[in-house]
Every structure is written in structure tokens, then in C-alpha cells.
Amino acid sequence: MKFFIDTANLEQIKEAEALGVLDGVTTNPSLMAKEGITGQENILKHYVDICTIVEGDVSAEVVSTDFDGMVKEGEALAKLHEQIVVKIPMIKEGVKALKYFSDKGIRTNCTLVFSAGQALLAAKAGATYVSPFLGRLDDISTDGLNLISEIRLIYDNYAFDTQILAASIRHTMHVIDCAKLGADVMTGPLSSIEGLLKHPLTDIGLAKFLADYKKGNS
């Protein structure tokens, strides 16, 4: 399973990279705005800054909703850096754009996926990644993990190359559950990754080892 961090915060990206387990970054306009990154030139520069920190894929999202606009934006984003993956919304014009980019050899991440049918369309159109938002489904009392399971079954049935990028990860158990279900990638906050480190018995055991060492070597 690949670990992506879902943020535009450079310090958090550096921290995750320093841990040695980071495989990529996902961003969106909301995350950019949260960090105060505004203006097209600044946004594009920020994508490149992220690419200099990590070695893996960096998803950069288009804001157009028409085919021509998405193509124009996506081609410009893809030219920024070889690590850029163009993030396309799951709408009718978006599916057309996914197919266009696939034919051009430009990698894509189909975002805002909330059903198995949408994921099937994305795979048929040649998306590199599909991003089902499981946390947002959980928010409306719908089983987000079940969607991951359904997509995994469909993709395995037909040997689609599209990777399942479990998005809207809220906590560490989401990471574990998605790993059990066979999601190819997870993207979430730094806390969801660091949470995997924690177990009380680890802390208790380490404290005991250190205390025993101090007794015999003080």
C-alpha cells in the first residue's frame, strides 16, 4: 500500500517524507486556500515546491468543469513537473478528459468518486488513480469502506490497471481497514499516518527496558 499525504502544507510534507514511508501527495483547491496559496502563479509554484520534497506522485487539480478548460489546465499542469498527476472531477466532461489524457499518456487522478459506478467509468476511461471519498460517505451515515470493497472486486474482475486511492481518510483505523480491503493507496492527514506508530504496550515495554537497563548500568 502506498502512503500519500493529503495537504498543501510544506512542513507537514517534509515531516512525512522524513519518516521514510511517504509515496506521494494529494492536494486540492481547498487545501491550497487553507495554506493561503492564492493566484495562479503562486499555486503552480507551490506544486513544483512539493515535487522537490517528495519523489512520488503529486496530484494537482483542475478547476475548470468543461472539457476544453480541463484539457488546457491539465496539459499545463502536466508540463510543470514529471511527478504531477492531473486531478479530474468525476463529471461527464471529466470522463471525456480522462480518456483524452489517457490517450496522450498523461496520468490522472479521478476525484470526488462516491459510487462503484463512477469508479467503473473512471477505469474504463483510463484513469491512473480513482479517489473514492470514504470519510465523506461516513459523514452521511453511508459505509465508505464498503465502497472500497466494491471497487476492489470490480477492478479485480476485469484486471483494470487503475489504482484505488482511498481518499478522505479521517483516522488510523481507516488506513488499516483500507489496507485489509486491498486499496492500492491511502491519502490522509499526517495524523493518520503517525497514528500507526502508537500502541500503549510499545510505550510500556520501552519504558521497562530502559528502566531495567538503568538499574544495571547506573
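Structure: see above.
Quick look at the structure, then. (Residues numbered from 1 in each chain as written. Predicted model: local features only at pLDDT ≥ 70, side-chain atom pairs only at ≥ 80, totals over all residues. Heavy atoms only, no water.)

**Examining the packing of helix H4 (residues 67-80) against helix H5 (residues 92-104)**
- For the pair H4 and H5, interaxial distance at closest approach is 9 Å and the crossing angle is 40°. What the angle tells us is that H4 and H5 run oblique. Where H4 crosses over H5, the handedness of that crossing is right-handed. On H5, the residues touching Phe67, Met70, Val71, Gly74 and Glu75 of H4 are Glu93, Gly94, Lys96, Ala97, Tyr100 and Phe101.
- Here the residues of the contact of H4 with H5 are counted per class, giving six nonpolar, two polar and three charged. (Axes fitted to C-alpha atoms, helices over the stretch in contact; angles between N-to-C directions. Helix = DSSP H or I, 4+ residues; strand = E, 2+ residues; numbered from the N terminus. Parallel < 35°, antiparallel > 145°, perpendicular 65-115°, else oblique. Left-handed = near helix turned anticlockwise from the far one by under 90°. Contact = heavy atoms within 4.5 Å. Nonpolar A, V, L, I, M, F, W, Y, C, P; charged D, E, K, R; others polar.)

**Thoughts on the environment of Asp23**
- Within the secondary structure, Asp23 sits in the loop between helix H1 (10-19) and strand E2 (24-26).
- For Asp23 and Ala60, which are 37 residues apart along the polypeptide, the C-alpha to C-alpha distance reads 15 Å.
- With sequence-adjacent residues up to four places away left out, Asp23 is seen in contact with Met1, Lys2, Phe3, Phe4, Gly56 and Asp57.

**Things to note about the sheet that holds strand E1 (residues 2-6)**
- Spatial ordering of the closed barrel is given by E1-E2-E3-E4-E5-E6-E7-E8, a layout of eight strands whose pairing is parallel. Averaged over all pairs of adjacent strands, the angle between strand axes in this sheet comes to 30°, irrespective of strand direction.
- Across the sheet, H4 touches strand E3 (57-61) and strand E4 (84-89), and the angle it forms with E4 is around 160°.
- Running at roughly 165° to strand E5 (residues 108-113), helix H6 (residues 116-124) makes contact with E5 and strand E6 (129-132) of the sheet. (Pairing = 2+ DSSP bridges.)

**A look at the pattern of salt bridges**
- For the coordinates displayed, the defined rule picks out 11 salt bridges.
- Between Asp184 and Arg152 there is a salt bridge whose closest N-O contact spans 3.2 Å. Of this pair, Asp184 sits in the loop between helix H9 (172-181) and strand E8 (185-188) while Arg152 is found in helix H8 (residues 144-158), placing the two residues 32 residues apart along the sequence.
- Assessed through its relative accessible area of 13%, Arg152 is described here as buried. (Salt bridge = Lys/Arg side-chain N within 4 Å of Asp/Glu carboxyl O. Buried < 20%, exposed > 50% of the residue type's maximum accessible area, 1.4 Å probe, protein only.)

**Quick look at the nonpolar core**
- Within the largest apolar cluster, 55 residues are counted, with the highest numbers of intra-cluster contacts made by Ile13, Ile88 and Cys178.
- With residues near it in sequence (within four places) discarded, Ile88 still touches Val62, Met70, Gly94, Ala97, Leu98, Phe101, Thr108, Asn109, Cys110 and Thr111.
- In this structure, Phe4, Tyr129, Leu165 and Val185 belong to the second largest nonpolar core, which totals seven residues. (Core = buried A, V, L, I, M, F, W, Y, C linked by side-chain atoms within 4.5 Å.)

**Digging into the side chain of His174**
- Here His174 lies in helix H9.
- Take His174: its relative accessible area is 3%, and that puts it in the buried class.
- Beyond its immediate stretch of four places on either side in the chain, His174 contacts Leu134, Gly135, Asp138, Ser168 and Ile169.

**Re H6**
- Along H6, the positions that sit buried rather than exposed are Ala116, Ala119, Ala122 and Ala123. The arc that holds the buried residues of H6, viewed along the axis, is 115°, so those residues lie on one side.
- Summarising the contacts, the buried residues of H6 are in contact with H5, E5, E6 and H8.
- The first or second residue beyond H6 is Gly126, which carries a positive phi of 95°. (Arc of directions from axis to C-beta.)

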